[in-house]
Amino acid sequence: MKHTISVLVENEFGVLSRISGLFSGRGFNIESLSVAPTMDADTSRMTLVTRGDNRILEQITKQLNKLISTIKVVDFTDEEYIERELAMIKVSTDGDSRAEALRIVDIFRAKVIDVTPKSYTIEITGAPAKINGILELLRPMGIKEVVRSGPVVIGRGAKGALA
Amino acid sequence: MALTGSQILLESLKLEGVDTVFGYPGGAVINIYDDLYESSINHVLTRHEQAAVHAADGYARCTGKVGVAIATSGPGATNTVTGIATAYMDSIPMVIITGQVPTPLIGNDAFQEADMCGITRPCTKHNFLVKDIKDLAKTLKEAFYIARTGRPGPVLVDLPKDVQVATHEFSYPESVSLRGYKPTYSGNSRQIEKAAQMLLAARKPVLYVGGGVTLSSADSELLKLVEQTRIPVTTTLMAMAAFPQRHPLALGMLGMHGTFYANMAVTECDLLIAVGARFDDRVTGRIDSFAEKAKVIHVDIDPTSIRKNVEVDLPIVGDLKDVLGKLHGRLNQKPELVEDMVENTSEWRSMIDEWKERHPMTYRSAKSTIKPQFVIEKIAELTNDDAIITTEVGQHQMWTAQFFPFRQARTFLTSGGLGTMGFGLPSALGAQVAFPDRQVIDISGDGSFQMNSQELATLVQYKLPVKIAILNNNYLGMVRQWQQMFFDKRYSQTVMELPIDFIKLAEAYGATGLQATKVDEVEATIKKALETPGPVLMNFKVSREENVLPMVPAGKAIHEMVLAS
C-alpha cells in the first residue's frame, strides 16, 4: 500500500543522505521525495512516498525516528490531508493539435508557461492522479519531456501536524 | 582561555572522564599527537587502526565506559571501518576521532582524503564533520552523549586539520539538548503490569536474554527476577556472561549452536520474554517456527528492534534496568500469586531438566588428540571461571560460548552481530589496559589470530599480560565444518596449508610462546602461561575435524538440530 510520509529534519549537512541511505540500506522503496526548508531556517521538511505492508511501514517510521537528525515523522495515510504535485510538460504541437492542447489545458485548469511554433510547455498543479490524467490526454500529441516535483502534503484543519 | 582545536579535543575528553585512548598517528592528526605528548591522557599505540578501534571497543565492553580511538585521515580512517561496524552491530558506546584534510581541500581528492561521514553513515549511531572550531566543544559533548545513551553505539567525529589548528575560547557545554533524540528510559507502567499478568498466567515461560542486559547493567535485576519467578533463562552469544551459567535455571545459549534444551524450551514455551535481544537469524533459525506456541513480550530500549523480525504480543520500550526492576517490584506485591505461578511452572522445569539429562552440552573426549572443548574447560577450571575472555570468530568462539561457564557480566567480549575475525586479540588488549590486574585471555583460532597478530607488538610494548590460546586445527574451521556437512567435504580454500611456528612468532615480538600437542600437556601449558609474566601465546594442536554441535542447519527450525552423537 502507498504511504505518504512527512519528515521534519534538522537542516544540516548530510541529512538527505542519512534519509536516502536509510531507505537504500534497509531495502525500503522510495517512490518520490521532495525536500525544502521550512519557515524555520534550521529545519527542512521532506515528503516521501513509499510502499509496503504495515510491518514495513512501522519499521520505516521507527527507523526514520531513530535518526538523530529527525525531529518528527507523520504518516499521512491514516489522516485527512491534501496532496499536491507540480508538473511541467513539454508537448509537441502543430496545426490542429495546438487548439486541442489548449482545450485540455483549460479543462485541467493548467497553464501554458512557454510557447514555440512547435511546442507548448504546460504547468499543472494537482493531486498526482490529475497529473496522470492530463499526461494521458497529451500523450498522443507527443510529450517531449515531463518534470514532476513529487507530491507534497499538508493535513486538513487548523492544526499544524509537524511543528 | 583560547585553545587550539586539538587542545579543545583533549580537554573535552578529560571532562568526559576519558583517561585512555587507543590510536595511531598520521599527518592529519599530528597536531592532536603533539598535544598528547604532554597530556595526562594515556595513549595506547596499536599496530593497526582497526586494532585501535577493537581495543577501544574491548575497553568499553568490559568497563561500560565510552571507548575512544583516534586515527588519521584517508587510509587510517578507512581502516577503522570494520572496528566501527563491529561496535555498531553490538551497540557498544564509542567515540572515534578521525583526522580529515583541511576544510578548503575537502572534496578535492586531496592526499589521504576519504569521505568518512559518507563511509560510516550506515555503521555509526551518528557522525559529525566539524567544519568550524566554534562547533567543536558542542559536537564532542553531543558525540559522547549520543554514544552512551539510549541504545549505545559508535559515533564518529571527523576533524579537519585546519580546525585542529584554529583557536577558540573553550567552554564545554553542561548539557545536551537534541530535539530529535530523546530515548525512552522509563517503561510504561500499564505495559509492565500487563507483563506481570502474563508472567503469572504462564505455564511454560522462558526468558530470552540478549546483550541489552549488559549494556543496561541490568544483570542483577535479571537475576532477582529469575530467583523470584524461577523462570528458566536462555542467553544469546552477547549475554552469556550476563547470567551465571552454572545457575540451575541457566539453559545456555540458544539458536544455531545453542543447547538442545534451550532450543527445545523456546520451541515449546507458552510465554517468551525477550529482554534486550533482537531475534537475530542465528538465534531464530526458520523464523515462522520460532517460539510458535508462545505469546511474546519484548522489552528493548530501541523501538526499531520491536516487531522488526517477529510479531510481538506485548512490546515494552524502556531501559531494561528500569523495566526488570519495576516488574520485580510489582510481582513482589503479589507474593501468593507468584508462589502459585512457581508451583504451576514446576512441571515445565522438570520437563527442561529431562531435556538437559537427555542431551547435555557435551562432546566426545579423546585420549589421543586434544579436543578444543577440553582446552576451554581447562582454562575455565584453572582461572576459576573468573577471567575476562575474548574471542575471535568461528568454531573456537562457539565452543567458548558453549563450554565456558561465565558467571559475571562484562567478562565475555566477542563480536556477535558482525562476526569479526581478528577482534579477540585487540579487544583483549583493550580489556587488559582497563583492568591491569585481571586475567585476560583471548581464545582464538589459527585463522582469526592471523588477522590481527601484529598486536603482539602492542602487548609487549605496554607489558600487557594477555594470554592467547590458539585452538589450532590448521583449518578455517567453521567454514570447513559447513563444507563437510553441506558441500560434500570439498574443502575449498579452508585448509591453512602452511604450518606456522607460532612459538617463533611470539618470540619474534618478545612474547613467550608455548605449545601443547598431547592431551596431558594441556593443563601444564595453561598453568605455565598463567604463571609467566607478560603476554603468552599458547598453541594447542587440536583435533582437526572437530565440529561445533549441536547445529541447526541454515533455514531449519531451531528444534531441528544435528546433535553430538
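Counting restarts for each chain, with residues numbered from 1 along the sequence as it is written. As they are written, the chains are lettered A onward and the ligands numbered 1 onward, keeping that order. For this predicted model, a pLDDT threshold of at least 70 governs which residues receive local features, and a threshold of 80 or more governs which side-chain atom pairs are given and counted, while totals over whole chains, interfaces and linings are taken from all residues. Excluding hydrogens and water, the side-chain values take into account all heavy atoms of the structure.

Chemist: Residues and numbers for the interface of chain B and chain A, please.
Modeler: It only takes one pair of heavy atoms within 4.5 Å for two residues to be counted as in contact. Contact residues are listed per partner, giving 20 residues for chain B and 20 residues for chain A. When two parts are put together, the accessible area they lose, computed with a 1.4 Å probe and summed over both, is reported as buried area. A combined buried area of about 1700 Å² lies between chain B and chain A, and 48% of that area is made up of carbon and sulfur atoms. Per-residue buried area on chain B facing chain A is highest for R121(B), R179(B) and T304(B); these three make up 35% of the total on that side. Salt bridges are defined as contacts in which a side-chain nitrogen from Lys or Arg sits within 4 Å of a carboxyl oxygen from Asp or Glu. Inspection of the region where chain B meets chain A yields four salt bridges. Here a polar contact is taken to be a pair of N or O atoms separated by no more than 3.5 Å, where protein atoms must pair a possible hydrogen donor with a possible acceptor and residues adjacent in sequence count only if both atoms sit in side chains. Counting the contacts that link chain B with chain A gives ten residue pairs in polar contact (both at pLDDT 80 or more). Only DSSP runs of H or I with at least four residues qualify as helices, and only runs of E with at least two residues qualify as strands; both kinds are numbered from the N terminus onward. In terms of residue count, the dominant contributor to the side of chain B that touches chain A is strand β6 (residues 126-129) of chain B (three residues). Broken down by class, the residue content of the side of chain B that touches chain A amounts to six nonpolar, five polar and nine charged. Asp, Glu, Lys and Arg are counted as charged, while Ala, Val, Leu, Ile, Met, Phe, Trp, Tyr, Cys and Pro are counted as nonpolar; the rest, among them Gly, fall into the polar class.

Chemist: Please provide a residue-by-residue account of empty space enclosed by the protein, values included.
Modeler: Where empty space is left can be seen by rolling a probe of water-molecule size over the atoms. All names here are of chain B. Cavities and pockets were defined on a 1 Å grid built from protein atoms only: a cavity is a group of points that admits a 1.4 Å probe but offers it no way out, a pocket is an open group of points flanked by protein on both sides within 12 Å along at least five of seven lines, and a lining residue is one with an atom within 4 Å of any such point. Grid points are joined across faces, edges and corners, and a volume is the space filled by probe spheres set on the points. Scanning all chains against the criterion turns up one cavity of 30 Å³ or more. Reported here for the largest cavity is a volume of approximately 40 Å³. Lining the largest cavity, in full, are A195, L199, I273, V275, I297, V299, I316, V323, L324 and L327. At the level of elements, α9 (189-201), β12 (271-275), β13 (295-300) and α14 (320-332) are the ones that each hand at least two residues to the lining of the largest cavity. Per-element accounting of the lining of the largest cavity gives the leading share, three residues, to α14. For the lining of the largest cavity, a count of residues per class yields ten nonpolar, no polar and no charged.

Chemist: Please provide a residue-by-residue account of the packing of aromatic side chains, values included.
Modeler: Each pair of aromatic rings is reported with the distance of its centres and the angle of its planes. Pairing of aromatic rings covers Phe, Tyr and Trp, the last through its six-membered ring, and needs centres within 6.5 Å; plane angles under 30 degrees mean stacked, over 60 mean edge-to-face, and all others mean tilted. Summed over all chains, the structure comprises 15 aromatic pairs over all chains. Ring geometry for F76(A) and Y81(A): centres 5.8 Å apart, planes at 50 degrees, overall tilted. Only protein chains enter the accessibility calculation, which uses a 1.4 Å probe; a residue is then buried when its area is under 20% of its type maximum, exposed when over 50%, and partly exposed in between. Using a relative accessible area of 2% as the deciding quantity, one classes F76(A) as buried. For the pair F279(B) and F290(B), a centre-to-centre distance of 5.9 Å together with 90 degrees between the ring planes defines the contact as edge-to-face. Of this pair, F279(B) sits in the loop between β12 and α13 (281-284) while F290(B) sits in the loop between α13 and β13, and the two are eleven residues apart along the sequence. F290(B) matches F279(B) in its accessibility class, with the two residues each being buried. Geometrically, a lysine NZ or arginine CZ counts as sitting over a ring once it is within 6 Å of the ring centre and also within 35 degrees of the ring normal. The cationic tip of R98(A) hangs over the ring face of Y120(A); the distance from NZ or CZ to the ring centre is 4.6 Å. The aromatic ring of Y475(B) is capped on one face by R480(B), whose charged end is 5.3 Å from the ring centroid.

Chemist: Could you give an account of the confidence of the model for chain B, with specific residues and numbers?
Modeler: The pLDDT score gives, residue by residue, the confidence of the prediction method on a 0 to 100 scale. With 100% of its residues at a pLDDT of 70 or more, chain B has an overall mean of 97. Quick note on the complex model: pTM equals 0.96, ipTM equals 0.91.

Chemist: Tell me about a nonpolar patch on the surface, and please be specific about residues and values.
Modeler: On the surface, L86(A), M88(A), I113(A) and V147(A) cluster together into a nonpolar patch covering about 290 Å² of accessible area. Mapped onto the elements, L86(A) comes out in strand β5 (residues 81-92). Note that patches include only residues with greater than 30% relative accessible area and no salt bridge, and the join distances are 9 Å for like charges and 5 Å for nonpolar side chains (Val, Leu, Ile, Met, Phe, Trp, Tyr). Accessible areas in this description were obtained via Shrake-Rupley with a 1.4 Å probe; residue shielding takes into account the shown protein chains only.

Chemist: Residue-level account of the sheet that holds strand β1 (residues 2-10) of chain A, with values.
Modeler: Residues and elements named next belong to chain A. Here, a strand pair is defined by DSSP locating no fewer than two bridges between the strands. Strand order in the open sheet formed by four strands is β2-β3-β1-β4, and the pairing between neighbours is antiparallel. In this open sheet, the two edge strands, each paired with only one partner strand, are β2 (32-37) and β4 (70-75). Ignoring strand direction, the axes of neighbouring strands in this sheet form an average angle of 15 degrees. Sheet topology note: the β1/strand β3 (residues 43-51) ladder contains nine bridges and is antiparallel. For helices, the axis comes from a line fit to the C-alpha atoms of the stretch in contact; other axes are also lines fit to C-alpha atoms, and the angle between any two N-to-C directions lies between 0 and 180 degrees.

Chemist: Outline the packing of helix α11 (residues 219-229) of chain B against α14(B), supporting the account with residue identities and numerical values.
Modeler: All names here are of chain B. Packing of α11 against α14 leaves a shortest axis separation of 9 Å and a crossing angle of 25 degrees. Classified by the interaxial angle, the pair formed by α11 and α14 is roughly parallel. Judged by the sense of rotation from one axis to the other, the crossing of α11 with α14 is left-handed. Together, E221, L222, K224, L225, Q228 and T229 of α11 and K321, L324, G325, L327, H328, L331 and N332 of α14 make up the contact between the two elements. Working definition: roughly parallel below 35 degrees, roughly antiparallel above 145 degrees, roughly perpendicular at 65 to 115 degrees, and oblique for all remaining angles. If you view the pair so one helix is near and one far, a crossing is left-handed when the near helix is turned anticlockwise from the far one by less than a right angle, and right-handed when it is turned clockwise.

Chemist: Can you tell me about helix α17 (residues 372-382) of chain B, naming the residues and giving the values?
Modeler: All names here are of chain B. Taken as a whole, α17 has its buried residues at P372, Q373, V375, I376, K378, I379 and A380. Close packing links the buried residues of α17 with α18 (395-403), β17 (440-445), β18 (467-472), α24 (522-531) and β20 (536-541). Once α17 ends, the next one or two residues include N384, with phi positive near 60 degrees.

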